[in-house]
Amino acid sequence: MRALSRIKNEFKLMITDPWLRALMLWLPVILGVVMTAIFSSGIARDLPISVVDLDHSRLSRNLIRYYDSSPTLSVNNQPYSVDTGSQELRSGNIYALAVIPANFEKETLLGHSPTVTVFYNTQFVLIGKLINSAIQQSQGTLAATVDTLKNMASGNPTPSLALGLSVPIKNQITPLFNSNSHYGQFLVSATLPALWQVLIVVTTILAIAIESRRAGIVSWLANAPLQNLLLKLMPYTLIFWLHGALMLWLLYGYFSWPMHGSWIILLLSQLLMVLACQSVACLLYFVPFDTTRAMSLAAAFTAPAFAFMGITFPVSDMPILARFWRSLLPVSHYIEVQVQQVNYGASLITAMPSLLSLFCFLAVMLVVTYKMTRLCATVTTQKDKK
């Protein structure tokens, strides 16, 4: 009954304390809505570019039309000089600048290979990749059209035969997962767990700090430090686990994104994820035993999580230090289970290494228990001396 009373008091504290109420209730909802709204379009379309046409020929105008007809690109204007176009590119008004050289049509008809120069900012990784692909497709379509007309004029009146000579090998690229190239499916599904980890760690530190501020850490922990700490964290564990389940429902229920695996394995991994994050948060608080330092350590620990998860950058290409830091992040192990279940429908045996990695984070509580016991003993000894 005493344990149940403590759990009820903890729920009351969540409602009365404004910071805990924000972190547990409305802030996760706002972050989830904002992130899904940012990537709601799913596919980048009509990215503005400019084209400097130094040839002003029929063929150069056709190339510009091919650029503009691409669903990814939108030719906003055609500046008269490269300097004017480069100023627009530097100012951020456009994402790319294409320069069609003089004598473009003449060189093409003579069988030469004129060079169309395209400038774009590779700091925008996703946008640069999309623009590069769209530009190559547009220019490849124009080149195939020109070669087809040449072959037909050379004595191959059948369009299909002339096209076959122009493009002897056709590419068919079929994505196994995320078949419609919806970048929200791999960005949002990774961003939300990264934010979820931040909320769990920060909220756990704040909840412990409130107890330290109200009655003192020793009075709160009393003679059973680990038991009192676990009773304190249990309501937060349940609520954050509920947050994880709602996150899965939002992505793979409400949005109907493909889900091929087991919900039970995913929910189990989420529970271990919450427990692992809480264990790390306890360590970050009790080692320095200072709320400000603990929050600073939590920010440094959780902030770069998205970059180390292996979603936007392959783990195999990371240096050793980055892979070591990644192994210290609970969300990195959780995201492996999520990807395995969502995309591959992997079995429990396949997910077991990541689940065991999350379970190993619970060993941190041994260090936390030692620190709490030493702290209580030290404070008690000081009181006895007085």
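Everything here concerns the structure above.
Note that the structure is a prediction, hence the values are computed from the model and not measured.

Caption draft 1: Here's a closer look at the packing of helix H8 (residues 184-214) against helix H12 (residues 291-302). Between H8 and H12, whose axes approach to 10 Å, the crossing angle comes to 170°. Viewed along their axes, H8 and H12 adopt a mutual orientation that is roughly antiparallel. Contacts from Gln197, Val198, Val201, Val202, Ile205, Leu206 and Ala209 of H8 reach H12 at Thr291, Ala294, Met295, Ala298 and Thr302. Looking at side-chain class alone, the contact of H8 with H12 contains nine nonpolar, three polar and no charged residues.

Caption draft 2: Structural detail: the sheet that holds strand S1 (residues 47-53). Spatial ordering of the open sheet is given by S2-S1-S3-S4, a layout of four strands whose pairing is mixed. Pairing within the sheet leaves two strands with one partner each, and these edge strands are strand S2 (73-77) and strand S4 (117-120). Looking at each pair of strands side by side, their axes are set apart by 30° on average, direction ignored. Here S1 pairs with S2 via four bridges, running parallel. Bridged to proline 48 within S2 is serine 74. Those strands touched by helix H4 (residues 82-91) are S1, S2, strand S3 (96-100) and S4, and its axis lies near 165° from that of S3.

Caption draft 3: The arrangement of unusual backbone geometry in detail. The phi dihedral of aspartate 46 is positive, around 55°, even though this residue is not glycine. With respect to the helices and strands, aspartate 46 occurs in the loop between helix H2 (18-38) and S1. A positive phi angle, near 55°, is found at histidine 56, a position not held by glycine. Within the secondary structure, histidine 56 sits in the loop between S1 and helix H3 (58-69).

Caption draft 4: Broad picture of the layout of surface pockets. In this structure, the second largest pocket occupies an estimated 410 Å³ of space. Among the elements of the structure, H2, H8 and helix H10 (225-254) are those that each provide at least two residues to the lining of the second largest pocket. Residue contributions to the lining of the second largest pocket peak at eight residues, all from H2. The residue inventory of the lining of the second largest pocket, partitioned by class, reads 14 nonpolar, three polar and no charged.

Rules used in this analysis
- Residues numbered from 1 in each chain as written.
- Predicted model: local features only at pLDDT ≥ 70, side-chain atom pairs only at ≥ 80, totals over all residues.
- Heavy atoms only, no water.
- Axes fitted to C-alpha atoms, helices over the stretch in contact; angles between N-to-C directions.
- Helix = DSSP H or I, 4+ residues; strand = E, 2+ residues; numbered from the N terminus.
- Parallel < 35°, antiparallel > 145°, perpendicular 65-115°, else oblique.
- Contact = heavy atoms within 4.5 Å.
- Nonpolar A, V, L, I, M, F, W, Y, C, P; charged D, E, K, R; others polar.
- Pairing = 2+ DSSP bridges.
- 1 Å grid on protein atoms, 1.4 Å probe; cavity = no way out; pocket = protein on both sides within 12 Å on 5 of 7 lines; lining within 4 Å.
- Points joined across faces, edges and corners; volume = space filled by probe spheres on them.

Any functional reading would require information that these geometric values do not contain.
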